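Summary of the model geometry
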Amino acid sequence: MFAFLLYAMEQGVDKHVDLQNSSAKRMIGKVAVVTGGARGIGAATAKLFAENGAYVVIADILDEAGTMLADSIGARYIHCDVAKESDVESAIQLAITWKGKLDILFSNAGIGGTASSITSLDMEQVKHLVSINLLGNVHAIKHAARAMLRCNTKGSIICTSSSAGIMGGLASHPYSLSKAGIVGLMRTAACELGVHGIRVNCISPHGVPTDMLISGYRMFRGNETTPEEVKKLVGDQGSLLRGKAATVEDVAQAAVFLASDDTGFITAHNLIIDGGYTSAISSLS
Ligand code: NAD
């Protein structure tokens, strides 16, 4: 006790506060790639990763928003269409060139698709969505795993599925298909990569009022639907938590949880972030 007090006095109060702050950061020195990181859930996660001490590469097709965000959080931005394998490879390579390693992939880029009856699906639209939402994850896991194996990092790969991958619901058919596929992909990759200490998990959000969700609601309810209305609707219908709708920060916190070493024994897991929605609906059926 005396030794500790002496140490604390030598360090001074400010240093003590610094130590406390740094211990609150859960990703110090980690190198992360966030696909779809220019806005929405990806942007909130890129920000929270950086606040937790990580070096972040933002990979997206929204160059202006992505560059602005990267500049504001000390991250790097790269134009990357996840449907193109070579773009994804370049994004991973940027992390290696910049910091010499890759610890974390947050494979988050995705699109919602347009609502259509199963009987009149436009197959070109289906292929387009699958090339981004599903093959984009294949590209990302493939190249992130290669980099992690090369650098010998015991990395964490986090994909973004959805409640739609579990429940279907009102999402577009190819969207649900792609999100269910991600869970299968994540589990097989986790089986293979676990022996190298690489963890692979999914998060499955539900009802986060982002641009994607607002566009989805507008398809069903008309273009005049406001973000506030969407927030209220998902809060009332999509959560057991007294009308609370999920925020992008709720999802980002879950990504930090899975990215950090605190969850070193969690792999092949689909972490559902839905305020209880999918469990409650299942128990009614
Ligand atoms: P968003 O539209 O705000 O963000 C999606 C991001 O992905 C954008 O920055 C966009 O530019 C990027 N993107 C789209 N196509 C891309 C491509 N081909 N290559 C690279 N980047 C691309 O939507 P969001 O709600 O933040 O969605 C993020 C992820 O979360 C998606 O995978 C989505 O399916 C998933 N998700 C969202 C919700 C929700 O309620 N919002 C629920 C479940 C799952």
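- As recorded by an unreviewed UniProt entry, the protein carries the name Short-chain dehydrogenase reductase ATA1 and is attributed to Gossypium armourianum.

**Topic: the site of the ligand**
- Taken together, 29 residues sit near the ligand, with Gly-36, Gly-40, Gly-110, Thr-210 and Met-212 positioned nearest.
- Its residues placed into classes, the shell around the ligand shows 14 nonpolar, 11 polar and four charged.
- A domain split of the shell around the ligand shows at least three residues from each of domain 1 (31–112 + 122–207 + 247–275) and domain 2 (209–245).

**Digging into helix α2 (residues 40–51)**
- Its 12 residues give α2 an end-to-end C-alpha distance of 17 Å, which sits within 8% of 16 Å, the value for a rise of 1.5 Å per residue.
- Counting buried residues in α2 gives 10 out of 12 residues, a clear majority hidden from the surface.
- As for α2, its buried residues are in contact with β1 (31–35), β2 (55–60), α3 (63–73), β4 (104–107), β6 (199–205) and α11 (248–259).
- Among the residues trailing α2, Gly-53 stands out with phi positive, at a value near 100°.

**A short note on the nonpolar core**
- Ala-32, Val-33, Phe-49, Val-56, Ile-58, Ala-144 and Ala-255 are the most contacted members of the largest nonpolar core, which has 76 residues in total.
- Counting residues per element, this core draws most heavily on α11, at eight residues.
- Of the domains in this structure, domain 1 (31–112 + 122–207 + 247–275) and domain 2 (209–245) are the two that each give at least three residues to this core.
- Apart from the residues lying within four places of it in its own chain, the contact partners of Ile-58 are Val-34, Gly-37, Ala-38, Ala-46, Gly-66, Leu-69, Ala-70, Ala-75 and Tyr-77.

**Details of the pairing of strand β5 (residues 156–160)**
- Of all five residues in β5, five are buried, a share of seventy percent or more.
- Neither face of β5 is left uncovered, since the one carrying Ser-156, Ile-158 and Thr-160 and the one carrying Ile-157 and Cys-159 both have all their residues buried.
- Note: β5 against β6, five bridges, orientation parallel. Each residue of the ladder has a partner; that of Ile-157, found in β6, is Val-200.

**Overview of the sheet that holds β2**
- If you walk across this open sheet you meet the seven strands as β3-β2-β1-β4-β5-β6-β7, and the pairing is parallel. Each edge of the open sheet is held by one strand with a lone partner, namely β3 (76–79) and β7 (270–273). Each strand axis lies, on average, 20° off the axis of its neighbour in the sheet, ignoring direction.
- Alignment of β1 against β4, held across four bridges, turns out to be parallel. Bridge assignment links Ala-32 to a residue of β4, and that residue is Ile-104.
- Helix α6 (residues 135–151) rests against β1, β4 and β5 of the sheet, and its axis sits at about 175° to β4.

**Points about the environment of Ala-43**
- Along the chain, Ala-43 falls in helix α2.
- Non-local contacts of Ala-43, meaning those with residues more than four positions away in its chain, are made with Gly-37, Ala-38 and Leu-69.

**Notes on the packing of helix α5 (residues 123–133) against helix α8 (residues 173–193)**
- Between α5 and α8, whose axes approach to 9 Å, the crossing angle comes to 30°. Between α5 and α8, the crossing angle belongs to the class labelled roughly parallel. Here the hand of the crossing between α5 and α8 comes out right-handed. On the side of α5, the interface is formed by Val-126, Leu-129, Val-130 and Asn-133, while α8 contributes Pro-174, Tyr-175, Ser-178 and Lys-179.
- The class makeup of the residues in the contact of α5 with α8 is five nonpolar, two polar and one charged.

**Describing the pairing of β6**
- Burial runs high along β6: seven of the seven residues are buried.
- The side-chain alternation of β6 yields two buried faces, one formed by Arg-199, Asn-201, Ile-203 and Pro-205 and the other by Val-200, Cys-202 and Ser-204.
- For β6 and β7, the ladder comprises four bridges, and the chain directions are parallel. Residue pairing for β7: Pro-205 is matched across the bridge by Ile-273.

**Digging into the domain arrangement of the protein**
- Splitting the protein by domain gives domain 1 (31–112 + 122–207 + 247–275) and domain 2 (209–245).
- Taken together, the contact between domain 1 and domain 2 spans 10 residues of the former and 14 residues of the latter.
- For the side of domain 1 that touches domain 2, a count of residues per class yields three nonpolar, five polar and two charged.

The rules we used
Residue positions are counted from 1 within each chain, in the order its sequence is given. In view of the model being predicted, local features appear only for residues whose pLDDT reaches at least 70, and side-chain atom pairs are presented and counted only at 80 or more, with totals across whole chains, interfaces and linings using the full set of residues. Defining nearness, a residue is near a molecule or strand when the C-beta atom obtained from its backbone falls within 6 Å of it. Residue classes follow a fixed rule: Ala, Val, Leu, Ile, Met, Phe, Trp, Tyr, Cys and Pro count as nonpolar, while Asp, Glu, Lys and Arg count as charged, and any other residue, Gly among them, counts as polar. Residue ranges for the domains trace back to a domain assignment, done automatically or taken from a database. Comment: elements are numbered from the N terminus, with helices defined as DSSP H or I runs of at least four residues and strands as E runs of at least two. A helix is expected to span 1.5 Å multiplied by its residue count minus one. Counting other C-beta atoms within 10 Å of a residue's C-beta gives its exposure: the residue is buried at 20 or more, exposed at 12 or fewer, and partly exposed in between, where C-beta atoms are placed from the backbone. Two residues qualify as a contact pair if the distance between their C-beta atoms, derived from the backbone, is within 7 Å. A set of buried Ala, Val, Leu, Ile, Met, Phe, Trp, Tyr and Cys residues, joined through C-beta atoms within 7 Å, is what we mean by a nonpolar core. Should DSSP find at least two bridges between two strands, the strands are taken to pair. Note on geometry: axes are lines fitted to C-alpha atoms, helical ones only across the stretch in contact, with angles between N-to-C directions running from 0 to 180 degrees. Any angle that falls under 35 degrees is termed roughly parallel, while one over 145 is termed roughly antiparallel, one within 65 to 115 roughly perpendicular, and all others oblique. By convention, the crossing between two helices is left-handed when the near helix turns anticlockwise from the far helix through less than a right angle, and right-handed when the turn is clockwise.

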